[in-house]
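# Observations on chain architecture
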Amino acid sequence: RDAETPEAAAPATPVSGYAWDDRDENEARVYISFEEDELAGVAAADVVARVDAASWREVSLDVVVPTTRGPRRLRVPRLYDKCAATVSVKRAKVVVRLRKAEPAAWPQLTW
């Protein structure tokens, strides 16, 4: 599997739900929950999280998580603003930290 391209993990089942919070002026977080056994053996390095920014209005997030039941994908086509993504895996949850390009509050995750 090519870890650099989420498409390499396709076809992936879409993630049915997630939560997010505007942590502070520098970071927002996206939380993707799974069943406890789905992330067995999955490390942060196994999760592909890519932010693409065609312009300040066209910023997307693509996250592919390899689970024991097959790959799962979260695609957010229009993020609120430019950012960089890092990932951590904690028990049955994948946390995507979105480091904002400029300090500011995000009233919403998407446009």
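Scroll up to find the structure.
Okay, so let's go over this structure. Every chain begins its residue count from 1, and numbering advances along the sequence as written. Local features in a predicted model are, by the rule used here, given only for residues with pLDDT of at least 70; side-chain atom pairs are given and counted only at 80 or more, and totals for whole chains, interfaces and linings are based on all residues. Water and hydrogen atoms were dropped before computing side-chain values, which therefore reflect all heavy atoms in the structure.

Each residue is placed in one exposure class: buried if its accessible area under a 1.4 Å probe, protein chains only, is under 20% of its type's maximum, exposed if it is over 50%, and partly exposed if it falls in between. To qualify as a helix, a DSSP run of H or I must reach at least 4 residues; to qualify as a strand, a run of E must reach at least 2; elements of each kind are numbered from the N terminus. Strand β5 (residues 58-67) sits mainly inside the fold: 8 of its 10 residues count as buried. At least two bridges found by DSSP between two strands are what make those strands a pair. Two strands pair when backbone bridges link them, and strand β4 (residues 48-55) and β5 are joined in this way by 7 bridges, in the antiparallel orientation. Following the sheet pairing, alanine 49 is matched in β5 by valine 63. Counted between consecutive antiparallel strands, the loop separating β4 from β5 contains 2 residues. Summarising the sheet, β5 and strand β6 (residues 70-76) pair through 7 bridges and their orientation is antiparallel.

On to the pairing of strand β8 (residues 93-100), then. Counting buried residues along β8, 6 of its 8 residues qualify, which places the element largely inside the surrounding structure. Examined bridge by bridge, strand β3 (residues 27-33) and β8 share 7 bridges and lie antiparallel to one another. Counted as the bridge partner of glutamate 27 is arginine 99 from β8. In textbook terms, the turn of a hairpin is the stretch between consecutive antiparallel strands, and for strand β7 (residues 83-90) and β8 this stretch comprises 2 residues, one of which, arginine 91, has a positive phi near 50°.

When a protein is soluble and globular, its nonpolar side chains tend to lie buried together. To define a nonpolar core, start from buried Ala, Val, Leu, Ile, Met, Phe, Trp, Tyr and Cys residues and group those joined through side-chain atoms within 4.5 Å. Grouped together as the largest cluster of nonpolar side chains are 22 residues, with contacts concentrated most on Val94 and Leu98. No other element matches β5, which puts 4 residues into this core. Every residue pair with non-hydrogen atoms within 4.5 Å of one another is taken to be in contact. The contacts of leucine 98, once residues within four sequence positions are left out, are Asn26, Glu27, Ala28, Val30, Leu61, Leu79, Cys83, Ala84, Ala85, Trp106 and Leu109.

Salt bridges, as used here, are contacts in which a Lys or Arg side-chain nitrogen is within 4 Å of a carboxyl oxygen on Asp or Glu. One pass over the structure, following the stated rule, counts 8 salt bridges. The shortest N-O distance in the salt bridge between lysine 100 and aspartate 22 comes to 2.4 Å. Of this pair, lysine 100 sits in strand β8 while aspartate 22 sits in the loop between β2 (19-21) and β3, and the two are 78 residues apart along the sequence. On the accessibility criterion, lysine 100 (8% relative accessible area) is buried. Relative accessible area serves as the criterion here: at 26%, aspartate 22 is assigned to the partly exposed category. Here the salt bridges share partners, and the residues they tie into one network are Asp37, Glu38, Arg69 and Arg72.

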